[in-house]
Amino acid sequence: MSDGSVQRQRRDQPAVPVLQEQRVGEILAAVPARGQWRYRPRRVGLLWRNRTCRVVAVFTLLALCGVVILALVRDQTGTDGFLVGLGLAVLPVPVLMTAFRWLDRVEPTPWRNLLFAFAWGACAAALVAILANSFATRWIADSDPGNADTLGATVIAPVVEESAKAAAVLLLLLFRRREFTGIVDGVVAAGFTATGFAFTENILYLGNAFGEDQQTDSGFAAVTVVTFLVRAVMTPFAHPLFTVLTGIGLGIAASSAPGRRTRRIAVPVLGLVLAMGMHALWNGSATFGRYGFYIVYGAFMVPVFALVTWQVVRARRRELRSLAVELPAYAEAGWLTPDEPRALASMRARALARNAARRRYAASVSSHQHHPAHAKAGAKEAKERGRAAARAVAEYEAFATSLASLRRQAGRGRADPDFAARELELLHHLWQRREIAGPALAYAARATHRRPPGYTAAWPPGRPYAGTPTPYAYGGPPPYNGNPNPYNSPSPYPAQPYGQQPYRQPPYTSPPYTGGPPA
């Protein structure tokens, strides 16, 4: 991306407060304590407005759906078939979860959202599907017994199942809007939902296959093996692929400007229709003749899977590039060093920074242990402090990514009323960890050759790390005045107690956001 396009993109975004180090304590005194990070005002009145009540109610409902669906599956497969199906169906689940979590590394979705999506797919969506499909198939059988199964598999099942799975992604978009910002978030939520649905469905299919093998009494579970190979080895991505199309549509809607109402409605509907169409084609492949399944699998499913995977990886790269676009404004204001935006826009540089901080702090502890009697305790302490340093860098990276996402959303006209407070809080978290993460990211930027154009080694006067020509000289003496503990280093600003109302006074004497966030 050219510098000119970057400048044009910045014009429409909120101004960044300029760092004045002599007033850091005054500025950051307005930031709340850790327990108040989320900016959600307390709601009183109706019981349903209580967050704990909502969480308990939702997961109780999902648990009841899970009990009912497991009872129905056990009734169809028998106890032995249910246990065999359960043991085999769980095998592809960690693989699929790991794949979707890998896609979500840039700005990870909270686990509570992912567990909700998986539970919805495995319990609520599966229960709706098994009841609706059974009812519709019986209703069709009354008028057309010969085609009831075919119509149920190719018409009823795709519509019911994809709608039930899409409901989980839509709920996350509506009620977890701040954590659902683009295509990658939609894909990951859809993938976890479909993985849960496929898990429950595989229990049913594998349990029934085991029951058939028990009836034939051939001594070899041929039907079970074939069913497992087809559903868990060859096509574990089938259900996730269908639902991911809906997730992409909802992700595009989430990243669209508020004024583009037609796009925000039409694209998710189109994604849902495509998901239903693919599902219908897949279910109907068995009716296309002897080789219908292999033709659909090789000529359609695999290419579409590759295309969707490429598109999702491309979207993730765009998320990374957005850090190099949004964060330089904070570097110019003094909150970040010039190296950090480029380093944060590279997954390789991020990992290198974490590993470098871990090794550096572990080595700084080990260098102080000379007596053999202290070697074991010193090794444990070095390991713990190395992990603490790596964790501080990882948190810094996560907060910086959230800051870039917040600013990107504001530039698109999607700024929340508490934009300024959220931005200040994120800057506070970055400031607390800058003494560890800043040098580590500078080292990673040098090692990966991710330096801004015209960069010089010496920091400009008045900026963080001023007067430090080599900010993180790995292999030299321990940084930060020789203090090996990343969490016991002196605070970069005077301690300021948080009051009852953390935002009762503005942190600046003049408004830091000229013009305010976009409406």
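On a predicted model such as this, the values are computed, not experimentally measured, just so you know.

Before we go on, may I ask you to explain the overall build of the chain in this structure?
Within the chain one finds 16 helices and 0 strands. Here the chain, with 519 residues, has 48% of them falling under the buried criterion. In the chain, the share of contacts with a sequence separation of at least 24, taken over all contacts with a separation of at least 6, comes to 81%. For the chain, the exposed area adds up to about 26,000 Å²; of that, 61% sits on carbon and sulfur atoms.

Can you walk me through the pattern of salt bridges in this structure?
Side chains that differ in sign of charge can pair as their charged atoms come close. Inspection of every chain in the model, using the stated rule, returns 9 salt bridges. Across the pair Arg178 and Asp418 runs a salt bridge, and its minimum N-O distance is 2.7 Å. Taken as a pair, Arg178 in the loop between α6 (148-175) and α7 (183-216) and Asp418 in the loop between α15 (375-411) and α16 (419-447) lie far apart in primary sequence, 240 residues in all. Note on Arg178: relative accessible area 31%, which makes it partly exposed. The exposure class assigned to Asp418 is buried, which follows from its relative accessible area of 16%. The shortest N-O distance in the salt bridge between Glu201 and Arg231 comes to 2.6 Å. Of this pair, Glu201 sits in helix α7 while Arg231 sits in helix α8 (residues 222-234), and the two are 30 residues apart along the sequence.

How do you make sense of the packing of aromatic side chains when you look at a structure like this?
Any two aromatic rings considered together are summarised by their centre-to-centre distance and by the angle between their planes. Under the defined criterion, the tally for this structure stands at 9 aromatic pairs. Taking 6.4 Å as the distance between ring centres and 45° as the angle between the ring planes, the aromatic pair formed by Trp282 and Tyr297 counts as tilted. Of the two residues, Trp282 is situated in helix α10 (residues 261-284) and Tyr297 in helix α11 (residues 292-326); the sequence distance between them amounts to 15 residues. Judged by its relative accessible area of 18%, Tyr297 falls in the buried class.

Before we go on, may I ask you to explain a nonpolar patch on the surface in this structure?
There is a patch of nonpolar side chains on the surface, built from Leu170, Leu174 and Phe175 and spanning about 330 Å² of accessible area. Along the chain, Leu170 turns up in helix α6.

Could you clarify how one ought to interpret the packing of helix α3 (residues 51-89) against α7 in this entry?
Relative orientation and spacing of two packed helices are given, respectively, by the angle between their axes and the distance between those axes. At a minimum axis separation of 7 Å, α3 and α7 run at an interaxial angle of 85°. Taken together, the axis directions place α3 and α7 in an arrangement best described as roughly perpendicular. Here α3 contributes Ile69, Val73, Gln76, Thr77, Asp80, Gly81, Phe82, Val84, Gly85, Leu86, Leu88 and Ala89 to the contact with α7, which in turn contributes Phe199, Thr200, Asn202, Ile203, Leu204, Leu206, Gly207, Asn208 and Phe210.

Before we go on, may I ask you to explain α3 in this structure?
Residues lying three or four places apart along an α-helix face the same way, a consequence of the helix completing one turn every 3.6 residues. For α3, built from 39 residues, the straight-helix expectation of 57 Å at 1.5 Å per residue is missed by more than 12%, its first-to-last C-alpha distance being only 34 Å. The largest bend in α3 amounts to roughly 115° and is located at Gly78. For α3, the full list of buried residues reads Leu62, Cys65, Gly66, Ile69, Val73, Thr77, Gly81, Phe82, Gly85 and Ala89. Elements in contact with the buried residues of α3: α4 (92-103), α5 (111-143) and α7.

For this particular structure, what's the right way to read the nonpolar core?
Considering soluble globular proteins, one finds that nonpolar side chains tend to be buried as a cluster. Of all hydrophobic cores here, the largest spans 66 residues; its most connected members are Phe180, Val187, Phe192, Trp282, Met301 and Val308. Ranked by residues supplied to this core, first place goes to α5 with 14 residues. Beyond its immediate stretch of four places on either side in the chain, Phe180 contacts Val169, Leu172, Leu173, Asp185, Gly186, Ala189, Leu250, Gly251 and Ala254. Counting residues in each nonpolar core, the second largest holds 37 residues, with Tyr330, Leu344, Leu406 and Leu430 among its members.

Could you clarify how one ought to interpret α6 in this entry?
Under the 1.5 Å per step criterion, the end-to-end length of α6 is 39 Å for 28 residues, consistent within 8% with the ideal 40 Å. At Ala157, α6 shows its largest bend, some 40°, and a proline, Pro158, comes one to four positions later.

Would you mind showing me how to read the side chain of Glu162 here?
Locating Glu162 in the fold gives a position in helix α6. Taking relative accessible area as the criterion, Glu162 reaches 0% and is therefore assigned buried. One polar contact links Glu162 to Thr243, side chain to side chain, over a distance of 3.4 Å. Excluding its chain neighbours within four sequence positions, the residues that come into contact with Glu162 are Ala157, His239, Phe242, Thr243, Leu272, Ala275, Met276 and His279.

Help me understand the confidence of the model for the chain in this model?
Detail in the predicted coordinates should be disregarded across regions flagged by low pLDDT. Averaged over the chain, the pLDDT score is 78; the fraction of residues at 70 or greater is 74%. pLDDT under 50 marks residues 456-519. Its contacts with residues more than four places away, or in other chains, come to 132 contacts.

Just to check I follow, could you spell out a positive patch on the surface for this structure?
A cluster of basic side chains, namely Arg314, Arg317, Arg318, Arg321 and Arg412, defines a positive patch on the protein surface. Here Arg412 is to be found in the loop between α15 and α16.

I'm lost on the environment of Leu204 in this one. Help?
Within the secondary structure layout, Leu204 lies in helix α7. The class for Leu204 is buried, based on a relative accessible area of 16%. Separated by 119 residues in the primary sequence, Leu204 and Gly85 have C-alpha atoms spaced 6.7 Å apart. Once residues within four sequence positions are removed from consideration, Leu204 is found in contact with Val73, Gln76 and Thr77.

Explain the environment of Ala15 here, please?
Counting through the fold element by element, Ala15 comes out in the loop between α1 (3-11) and α2 (24-28). A residue is classified by how much of its surface remains accessible, and Ala15, at 23% relative accessible area, is partly exposed. In sequence terms Ala15 and Ala333 are 318 residues apart; their C-alpha atoms lie 9.7 Å from each other.

Rules and cut-offs
- Residues numbered from 1 in each chain as written.
- Predicted model: local features only at pLDDT ≥ 70, side-chain atom pairs only at ≥ 80, totals over all residues.
- Heavy atoms only, no water.
- Helix = DSSP H or I, 4+ residues; strand = E, 2+ residues; numbered from the N terminus.
- Buried < 20%, exposed > 50% of the residue type's maximum accessible area, 1.4 Å probe, protein only.
- Contact = heavy atoms within 4.5 Å.
- Areas by Shrake-Rupley, 256 points an atom, 1.4 Å probe, with all protein chains shown as cover.
- Salt bridge = Lys/Arg side-chain N within 4 Å of Asp/Glu carboxyl O.
- Phe/Tyr/Trp six-rings, centres within 6.5 Å; stacked < 30°, edge-to-face > 60°.
- Patch = residues over 30% accessible without salt bridge, like charges linked within 9 Å, V, L, I, M, F, W, Y side chains within 5 Å.
- Axes fitted to C-alpha atoms, helices over the stretch in contact; angles between N-to-C directions.
- Parallel < 35°, antiparallel > 145°, perpendicular 65-115°, else oblique.
- Expected span 1.5 Å × (residues − 1).
- Bend = angle between axes of the 7 residues up to and from the residue.
- Core = buried A, V, L, I, M, F, W, Y, C linked by side-chain atoms within 4.5 Å.
- Polar contact = N/O pair within 3.5 Å; in protein donor to acceptor, adjacent residues only side chain to side chain.
- pLDDT = per-residue confidence, 0-100.
- Lys, Arg positive; Asp, Glu negative; His and termini not counted.
- Charge placed at Lys NZ, Arg CZ, Asp CG, Glu CD.

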